[in-house]
Amino acid sequence: MEKNKKIRESLQTIGFFAALVFLWQALYVLGTQVFALWKPYALPSPAGVWAVFWRLTADGSLLRAAGSSLARGFLGYVLAVLLGMTMGLLMNQFGFLRRNMRPLIMGVQTLPSICWVPFSILWFGLTEQAILFVVVMGSVFGLAVATDHAIRNVPLLYKKAALSMGVDKKQLYWKIIFPAALPELIAGLKQGWSFAWRALMSGEVMTTCIGLGQTLSTGRSLADMNQVMLVMAVIILIGIAIDRIVFGAVERWVYRKRPAQQER
Amino acid sequence: MTLIIKNVTKQFEHAQEPTLADINLEIADGEFLCVVGKSGCGKSTLLNLIAGLETPTGGEILLNGKAVTGPGADRVVMFQEHALFPWRNVIENVKFGMEVAGVPKSQQEERALHYLRMVQMEAYRDYPIHQLSGGMRQRVALARALTLDTEILLMDEPFSALDKQTANRMRRELQEIWMKMNRTVFFITHSVEEAVYLADRVVVLSEKEKSIRDVIRIDLPRPRHVYDDVFVEYRHRILEEVQDGEE
């Protein structure tokens, strides 16, 4: 029964997306050929996107772009995590830092990451570093706040119990605070990655380094709707894949002993 | 083991009046001491002071002649909520204190199983905590507390979050375990019945005066029965003392 239900639901999902693609293609045909409302090049179509996908895959440029974007994003993300977690730990340790940093960070966070691009280009030029800077600025503050939060939300009861069993300060951090904060910390890291990935695309669209963002803006320059559409889809798919596969695995590992929800 | 509480006063920073005023109490080696009193009388505060989780604003607490300055493994606490760590399974939780104390791995396993057997939780050794019932969690917490060779076991209303039936069963088993091991226990409860059932001496804390109102020795052989005439007498007497000043 349970298995049948799962199969049925997967079939429904496949059917839903197939219908969506079919509808899209039908609209394209109706809009550009039957009623001739738009010129064919002004609308993307599933068939056209598929064609561009083959073209860019065959010459290897899509893979190269995706690869360099991922590598760059990963590097920026790692830098942001190191920096953000350090900031979070410091904020947690020193009350005056938290009191003064939090409003500042909240302010800076309202700034969309793309707004860092002009600043970054003026400072670094149209370089690799400029993009990394945007990625770090786009995600570091969220990571700092999440780290501080995760640590602060560790129930006092765990600390009291551990202290009464004789833990010292170092053991308290490694044996209690870190594992207790882990689920929230992972949630923060996940959110940090989505910020970093978005910031990366902002940076890449505005500069000229090889990457998905640049492929996207090339599509615009060539007025190639299908290429623009394809790259957008690839950016979404990579985002989903990392969220599900990488963070999914980490979460399964963290929750192997705990209740699945946050009821603790 | 000797534990002496000498002229201890505790006043919290923004409080109008002290939570505890001039507490004097001596706990004998191997004694089961229960503290009762209305909520807000400062009984949990007194336990936290002994545990070293709070510091007194006046007086001192001497454990074997040395002043208590902070928490330590010689005064392990069992809380009202189980305080087991959800990222560890049952046996890993029981081993925690021994890990911290640096007990060799092979001994940890042996001792953890010994105490899990004592609280009848051996079959659940690999269970995650969230799959256990409230009573089972408190059993595991008790096993964890017992693995450490503590000078004194501090118990802060450990059964009060459980349903009545489970709580009654737990206190009967605690009595059996205590009779076998003769550890010193400092036990906080709001249930007078529980106190008379378990204690050698019952300390009544007065909510009004913020200090000890009376100390009653329970001269009843163990195992005790709640329907016993003398038991009922003790219960009434202590209940009256706890409620005094109400009417």
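None of the values given here were measured: they were computed from a predicted structure.

Caption draft 1: Inspection of the overall build of chain B at higher detail. The secondary structure content of chain B amounts to seven helices and 10 strands. The principal-axis extents of the C-alpha atoms in chain B amount to approximately 55 × 45 × 30 Å. The buried share among the 247 residues of chain B stands at 54%. Look at the contacts in chain B between residues 6 or more apart in sequence, and 67% of them connect residues 24 or more apart. As presented, chain B carries roughly 11,100 Å² of accessible surface, and 44% of it is formed by carbon and sulfur atoms. For chain B, the separation between the mean place of its 30 positive charges and that of its 38 negative charges on side chains is 5 Å.

Caption draft 2: The interface of chain B and chain A, seen in detail. Listed as interface residues are 26 residues of chain B and, on the opposing side, 18 residues of chain A. Of the roughly 2,000 Å² buried between chain B and chain A, counting both surfaces, carbon and sulfur atoms make up 72%. By the criterion of area lost to chain A, the three top residues of chain B are Pro86, Trp87 and Val100 of chain B, representing 32% of everything that side buries. Our count for the chain B to chain A interface comes out at one salt bridge.

Caption draft 3: The layout of surface pockets, seen in detail. All names here are of chain A. Reported here for the largest pocket is a volume of approximately 480 Å³. Along the walls of the largest pocket sit 14 residues, with Val21, Trp24, Val49, Ala233 and Leu237 positioned nearest its centre. At the level of elements, α1 (2-34), α2 (46-58) and α10 (225-254) are the ones that each hand at least two residues to the lining of the largest pocket. Ranked by residue count, the leading element in the lining of the largest pocket is α10, at six residues. Tallied by class, residues from the lining of the largest pocket come to 14 nonpolar, no polar and no charged. When residues of the lining of the largest pocket are sorted by domain, at least three fall in each of domain 1 (1-41) and domain 2 (44-263).

Caption draft 4: Structural view of the domain arrangement of chain A. Residues and elements named next belong to chain A. Domain annotation for chain A reports domain 1 (1-41) and domain 2 (44-263). Measuring from the centre of the C-alpha atoms in domain 1 to the corresponding centre in domain 2 gives 32 Å. Counting residues at the interface gives five residues for domain 1 and eight residues for domain 2. Both faces combined, the contact of domain 1 with domain 2 buries some 520 Å², and carbon together with sulfur accounts for 67% of it. Taken as a group, Trp24, Gln25 and Tyr41 account for 77% of the area that domain 1 buries against domain 2, more than any other trio of residues on that side. Joining domain 1 to domain 2, the criterion identifies two residue pairs in polar contact (both at pLDDT 80 or more).

Caption draft 5: Spatial organisation of the sheet that holds strand β9 (residues 201-205) of chain B. All names here are of chain B. Reading across from one edge, β6-β7-β8-β3-β9-β10 is the order of the six strands in this open sheet, with mixed pairing throughout. Each of the sheet's edge strands pairs with one partner strand only, and the pair in question is β6 (77-78) and β10 (212-217). Of the strands in this sheet, β3 (32-36), β9 and β10 touch helix α7 (residues 229-243), which is tilted by about 175° from β10.

Caption draft 6: The arrangement of the packing of aromatic side chains in detail. Scanning the model with the defined rule gives 22 aromatic pairs over all chains in all. On the numbers, 5.9 Å between centres and 65° between planes, the contact of Phe53 of chain A with Trp54 of chain A is edge-to-face. For Phe53 of chain A, a relative accessible area of 27% puts it in the partly exposed group. For Trp54 of chain A, a relative accessible area of 49% gives the class partly exposed. The rings of Trp116, Phe119, Trp123, Phe124 and Phe133 of chain A are connected pair by pair, giving a single aromatic cluster. The lysine or arginine in question, Lys10 of chain B, covers the ring of Phe12 of chain B, its NZ or CZ lying 4.9 Å from the ring centre. Over the ring of Tyr197 of chain B we find Arg171 of chain B; its NZ or CZ atom is 4.8 Å from the centre of that ring.

Caption draft 7: Representation of empty space enclosed by the protein in the model. Residues and elements named next belong to chain B. Across all of its chains, the model carries three cavities of 30 Å³ or more by this definition. Its volume calculated, the largest cavity comes out at about 60 Å³. Taken together, Leu142, Leu146, Leu153, Leu174, Ile177, Trp178, Met181, Arg183 and Val185 make up the lining of the largest cavity. Sorting elements by how many residues they give to the lining of the largest cavity places helix α5 (residues 164-181) first, with four residues. Tallied by class, the residues present in the lining of the largest cavity amount to eight nonpolar, no polar and one charged.

Caption draft 8: Just the side chain of Gln138 of chain B, in detail. Mapped onto the fold, Gln138 of chain B is located in helix α4 (residues 134-147). Beyond its immediate chain neighbours, meaning those up to four positions away, Gln138 of chain B contacts Met78, Phe79, Gln80, Glu81, His82, Pro158, Leu162 and Met170 of chain B.

Caption draft 9: Quick peek at unusual backbone geometry. That bond from Arg222 of chain B to Pro223 of chain B is cis: its omega, -5°, falls within 30 degrees of zero. Assignment of secondary structure puts Pro223 of chain B in the loop between β10 and α7. In this structure, Ala223 of chain A takes a positive phi of about 55° despite not being glycine. Along the chain, Ala223 of chain A falls in the loop between α9 (212-221) and α10. Even without a glycine there, the phi angle at Ala83 of chain B is positive, about 60°. Secondary-structure assignment places Ala83 of chain B in the loop between β6 and α2 (90-101).

Parameters and conventions
Residues numbered from 1 in each chain as written. Chains lettered and ligands numbered in written order. Predicted model: local features only at pLDDT ≥ 70, side-chain atom pairs only at ≥ 80, totals over all residues. Heavy atoms only, no water. Helix = DSSP H or I, 4+ residues; strand = E, 2+ residues; numbered from the N terminus. Buried < 20%, exposed > 50% of the residue type's maximum accessible area, 1.4 Å probe, protein only. Contact = heavy atoms within 4.5 Å. Areas by Shrake-Rupley, 256 points an atom, 1.4 Å probe, with all protein chains shown as cover. Lys, Arg positive; Asp, Glu negative; His and termini not counted. Charge placed at Lys NZ, Arg CZ, Asp CG, Glu CD. Buried area = accessible area lost by both parts, 1.4 Å probe. Salt bridge = Lys/Arg side-chain N within 4 Å of Asp/Glu carboxyl O. 1 Å grid on protein atoms, 1.4 Å probe; cavity = no way out; pocket = protein on both sides within 12 Å on 5 of 7 lines; lining within 4 Å. Points joined across faces, edges and corners; volume = space filled by probe spheres on them. Nonpolar A, V, L, I, M, F, W, Y, C, P; charged D, E, K, R; others polar. Domains from an automatic or database assignment. Polar contact = N/O pair within 3.5 Å; in protein donor to acceptor, adjacent residues only side chain to side chain. Pairing = 2+ DSSP bridges. Axes fitted to C-alpha atoms, helices over the stretch in contact; angles between N-to-C directions. Phe/Tyr/Trp six-rings, centres within 6.5 Å; stacked < 30°, edge-to-face > 60°. Lys NZ or Arg CZ within 6 Å of the ring centre and 35° of its normal.

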